[in-house]
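# Structural overview for review
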Amino acid sequence: MSSSEDKGREFTPHDGNGSSAQESTIIRDVFGRLLRDLRVSVTDRCNFRCPYCMPAEIYGERYEFLPRADLLTFEEIARLVRIFVGLGAEKVRLTGGEPLVRSGLEKLVAMLSPIEGITDLTLTTNGYLLSHQAQGLRDAGLQRITVSLDSLDDEVFGRMNGRGFSVQTVLDAIDKAREVGLDPIKVNSVVQRGVNDHTVIDLLRYFKGTGVIVRFIEFMDVGNLNDWKLDQVVPSAELLERIHAEMPVEPVDKNYRGEVADRYRYLDGSGEIGFISSVTEAFCSDCTRARLSTDGKLFTCLFASDGRDLRGPMRAGASDDELAALVTDVWGRRVDRYSEIRASLTRPPERKVEMYQIGG
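Below you will find a few notes about this structure. (Residues numbered from 1 in each chain as written. Predicted model: local features only at pLDDT ≥ 70, side-chain atom pairs only at ≥ 80, totals over all residues. Heavy atoms only, no water.)

## Things to note about a nonpolar patch on the surface
There is a patch of nonpolar side chains on the surface, built from Val 30, Phe 31 and Val 335 and spanning about 270 Å² of accessible area. Mapped onto the elements of the fold, Phe 31 is located in the loop between α1 (3-8) and β1 (37-41). (Patch = residues over 30% accessible without salt bridge, like charges linked within 9 Å, V, L, I, M, F, W, Y side chains within 5 Å. Areas by Shrake-Rupley, 256 points an atom, 1.4 Å probe, with all protein chains shown as cover. Salt bridge = Lys/Arg side-chain N within 4 Å of Asp/Glu carboxyl O. Helix = DSSP H or I, 4+ residues; strand = E, 2+ residues; numbered from the N terminus.)

## Describing unusual backbone geometry
Excluding glycine, residues mostly carry a negative phi; peptide bonds, for their part, are mostly trans. Gly 97 follows Gly 96 through a cis peptide bond whose omega is 20 degrees. Tracing the chain through its elements places Gly 97 in the loop between β2 (91-95) and α3 (105-112). For the peptide bond that leads from Asp 183 to Pro 184, omega is 5 degrees, which places it in the cis range. Within the secondary structure, Pro 184 is located in the loop between α6 (168-180) and β5 (186-191).

## Quick look at the environment of Thr 294
Residue position: Thr 294 is located in the loop between β10 (289-292) and β11 (297-299). For Thr 294, the side chain forms a polar contact with the side chain of Ser 41, separated by 2.9 Å. (Polar contact = N/O pair within 3.5 Å; in protein donor to acceptor, adjacent residues only side chain to side chain.)

## Some details on the packing of aromatic side chains
Evaluated as defined, the whole model comprises eight aromatic pairs. Ring centres 5.8 Å apart and planes at 65 degrees place the aromatic pair Phe 48 and Tyr 128 in the edge-to-face group. Of the two residues, Phe 48 is situated in the loop between β1 and α2 (74-86) and Tyr 128 in the loop between β3 (120-125) and α4 (134-140); the sequence distance between them amounts to 80 residues. The interplanar angle of 70 degrees and the centroid separation of 4.8 Å between the aromatic rings of Tyr 63 and Phe 65 together place this pair among those described as edge-to-face. Given a relative accessible area of 13%, Phe 65 falls into the buried group. (Phe/Tyr/Trp six-rings, centres within 6.5 Å; stacked < 30°, edge-to-face > 60°. Buried < 20%, exposed > 50% of the residue type's maximum accessible area, 1.4 Å probe, protein only.)

## Here's the deal with the pairing of β1
As a general feature of sheets, a regular strand has side chains that alternate between the two faces. With five of five residues buried, β1 is to be regarded as a mostly interior element. Of the two faces of β1, both are covered, the one formed by Asp 37, Arg 39 and Ser 41 as well as the one formed by Leu 38 and Val 40. In terms of strand pairing, β1 meets β2 through five bridges, oriented parallel. Residue pairing in the sheet places Arg 39 in a bridge with Arg 93 of β2. The β-α-β motif built from β1, the intervening α2 and the parallel element β2 has right-handed crossover chirality. Note that β1 and β10 share four bridges and pair parallel. Within β10, the position partnered with Asp 37 by the bridge is Arg 289. (Pairing = 2+ DSSP bridges. Right-handed = clockwise from strand over helix to strand, strands pointing away.)

## Here's the deal with the nonpolar core
Within the largest apolar cluster, 102 residues are counted, with the highest numbers of intra-cluster contacts made by Val 81, Leu 149 and Phe 216. The biggest single contributor to this core is α2, with eight residues. Not counting the four nearest positions on each side in its chain, Phe 216 is found in contact with Ser 189, Val 191, Val 200, Leu 203, Leu 204, Leu 239, Ile 243, Gly 274, Phe 275 and Ile 276. (Core = buried A, V, L, I, M, F, W, Y, C linked by side-chain atoms within 4.5 Å. Contact = heavy atoms within 4.5 Å.)

## Thoughts on the packing of α2 against α3
Between α2 and α3, the least distance of the axes is 10 Å, while the angle of their chain directions is 30 degrees. Relative to α3, the element α2 lies roughly parallel. The element α2 and its partner α3 pack so that their crossing is right-handed. Across from Phe 74, Glu 75, Ile 77, Ala 78, Val 81 and Arg 82 in α2, the residues of α3 making contact are Leu 105, Lys 107, Leu 108, Met 111 and Leu 112. In the contact of α2 with α3, the residues fall into eight nonpolar, no polar and three charged. (Axes fitted to C-alpha atoms, helices over the stretch in contact; angles between N-to-C directions. Parallel < 35°, antiparallel > 145°, perpendicular 65-115°, else oblique. Left-handed = near helix turned anticlockwise from the far one by under 90°. Nonpolar A, V, L, I, M, F, W, Y, C, P; charged D, E, K, R; others polar.)

Dropping the structure here:
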């Protein structure tokens with residue numbers, strides 16, 4: 001089906017109970033990529049100051065984050081999620097900043113979980129506030145979580161979270177999440193050469209046999225402020241070789257088309273690991289992700305510079321059909337291939353959206 005045919009299809013909005021009388025509209029971008037995944041940033045604030053995302057020297061005590069009035073309300077988020085689901089989105093992930101710093105997040109989860117068509121409702125967190133919220137989130141309908149954890153070494157972890165926080169709080173939170181049934185749990189680790197790459201094996205050994213899936217992410221040039229350098233990237237192929245020498249693994253098929261992680265399992269059957277290789281092995285051709293920023297802008301790439309405002313039209317009285325038409329127009333024109341063309345750039349783009357505004 002061509003983009004023009006997609007644009008011509010009628011959008012069927014969900015009713016207030018999250019149900020729809022007709023099949024969802026299917027939309028595709030210029031390259032035929034479907035809209036299947038939606039990431040929703042619920043806050044631009046975070047209790048960490050990770051150098052690769054929100055370096056403390058920039059985001060200090062005097063930094064002004066968005067005023068509350070500029071944030072999408074839970075009701076506005078729920079409305080937009082219904083519209084995205086009506087256009088084909090099936091997987092919804094809540095992100096930040098750190099989503100758990102937004103008060104009452106379980107209320108939003110309770111609004112989203114009944115929406116018909118969502119097959120996967122999940123959340124990415126640094127885990128520091130998770131222990132006290134895990135049960136409430138699970139009761140509200142959250143299905144699983146991903147926890148960002150870059151090292152088990154307290155000194156390395158403290159340096160990478162920018163606050164000196166101890167890793168034990170995060171490990172306790174992961175145990176709590178498993179206890180309440182927020183699984184399968186995935187642990188994401190951003191790997192930087194000379195920073196934490198020497199702690200990778202210890203991280204794997206800790207979670208091996210627990211059912212927790214550890215995934216390693218190549219250090220990416222997100223935003224404008226993380227001082228990204230190519231020589232700090234540890235290619236997944238190199239990391240895989242190191243791991244295989246210690247704990248033999250074999251490749252596993254992806255769960256679905258568009259899954260960003262390459263999957264491997266231990267030969268002894270004790271678990272699974274993954275690699276997200278957006279620098280050395282770009283996966284743009286299968287990308288099905290849309291991102292909704294904290295202030296209601298639609299971004300179609302993690303490395304984008306501009307987004308389409310949905311909050312303004314929505315607060316001005318736009319109908320569901322009108323908002324759906326905006327989303328369809330943006331997605332139908334989508335040509336993002338940043339990771340695939342990175343190597344051919346003579347210089348990086350002058351400006352990109354910061355990761356804390358639209359999630360990882």
